[in-house]
Amino acid sequence: PNGKDIRAALIIASCDIPGARKLCGHISALASCHRCEKRANNRNFGGMADMSDWFIMKDPVEHRQKALEWRRCKSNAERERFVKENGVRWSEILRLPYFDPIRFVVVDPMHCLFLGIAKWITKRIWIDEGVLTEKDLQSIQKKMDEFKVPSDLGRIPGKIHCGEGFSNFTADQWRNFFLIYATVALWNHLPGKDRKILTYFVRVCTILVRRIVEINDMKEAHELLIKIIKLIEECYGEEKITPNLHLSLHLCECSYDYGPLYSFWCFSFERMNGLLGNSNLIVSIFRIILFHLAKINNKLFIRIFA
Ligand SMILES: [Zn+2]
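For the protein, the name recorded in an unreviewed UniProt entry is Transposase domain-containing protein, with Rhizophagus irregularis as its organism.

Draft legend 1. Summary view of the pattern of salt bridges. Summed over the entire model, instances satisfying the criterion amount to ten salt bridges. With a closest N to O distance of 2.9 Å, D217 and R210 form a salt bridge. Judged by relative accessible area, R210 falls into the partly exposed class, the value being 28%.

Draft legend 2. Main features of the side chain of N44. Mapped onto the elements, N44 comes out in the loop between α1 (17-24) and α2 (51-54). Here N44 falls in the buried class, since its relative accessible area comes to 6%.

Draft legend 3. View of unusual backbone geometry. One non-glycine residue with positive phi stands out, namely N42, at about 55°. Along the chain, N42 turns up in the loop between α1 and α2.

Draft legend 4. Here's a closer look at the coordination of the zinc ion. Those protein atoms acting as donors to the zinc ion are C33 (SG), C36 (SG), H246 (NE2) and H250 (NE2), and they sit at 2.0 to 2.2 Å. One can describe the donor arrangement at the zinc ion as tetrahedral, given that its four donor atoms subtend angles of 102 to 116° at the metal. All donors of the zinc ion belong to a single chain; written as a sequence motif, their spacing is C-x2-C-x209-H-x3-H. Of this pair, C33 sits in the loop between α1 and α2 while H246 is found in helix α10 (residues 243-247), placing the two residues 213 residues apart along the sequence. Overall, the relative accessible area of 1% leaves C33 in the buried class. You can call H246 buried: its relative accessible area is 2%.

Cut-offs and rules
Residues numbered from 1 in each chain as written. Predicted model: local features only at pLDDT ≥ 70, side-chain atom pairs only at ≥ 80, totals over all residues. Heavy atoms only, no water. Salt bridge = Lys/Arg side-chain N within 4 Å of Asp/Glu carboxyl O. Buried < 20%, exposed > 50% of the residue type's maximum accessible area, 1.4 Å probe, protein only. Helix = DSSP H or I, 4+ residues; strand = E, 2+ residues; numbered from the N terminus. Donors = N, O, S within 2.8 Å, 3.2 Å for Na, K, Ca; no water. Tetrahedral: all angles 85-135°; square planar, octahedral: opposite > 155°, others 65-115°.

Pasting the structure below:
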């Protein structure tokens, strides 16, 4: 009758990058990495030659100190300047004394690998740079139509050659595309270096989607991700190295903390978004609940769901 005390601890923040940054007081992913000392250079994360200089874990104590300094800024202009210089702003979540704003903020594999890298390599590199032409896409589609996959895998829609190519693929479809179709369907259409990128990326995906992974496999995936980034940089320039490509270098250390990527990726959570999106009524109810929670429970909810 008097209710019950519940003790809970927040030990991981797994969401898309803009959400994670807002939640934990980090600057935009376009400006710098939230886990290591790498800063963007004209909005790209190229420059792998000096990796040992920047691939160093950020200090959570320093992050907290800077966040407190941000709170002492007197005006909006001063706060903006501070964020630009230091990459940190205050977040209510820092009131949890045990919360580590660097280590607890993982890179979500679903957004990073599939909606990020898989899509980027295929559309912004191979299609935009003319490696895959309209004719190639039609022949890739034809090849893929010949595949007979088990019904529980979910089919890839026949949209490879529509619009700008690979239209409206979901994260699930990108995952299935690279795990099942890509090697056979793309091989004859790619030149040597791109075949390497494809082979490495398919291997990375094969390792990282496993529910049980060995430390050595994670190390192999990490080394292959470094090779992929170096190859893209060499063939297409530093400007093609996106925040997601850089963040993939942190997947390995996230899995040392939290286990196989399967245990913390956002697939199941995001599937619920799909369900909610299918019903206008549920969405309206959800919004009303959020609105009231935000009113009652100060700005934190607004920040999380903004
Ligand atoms: Zn980093």
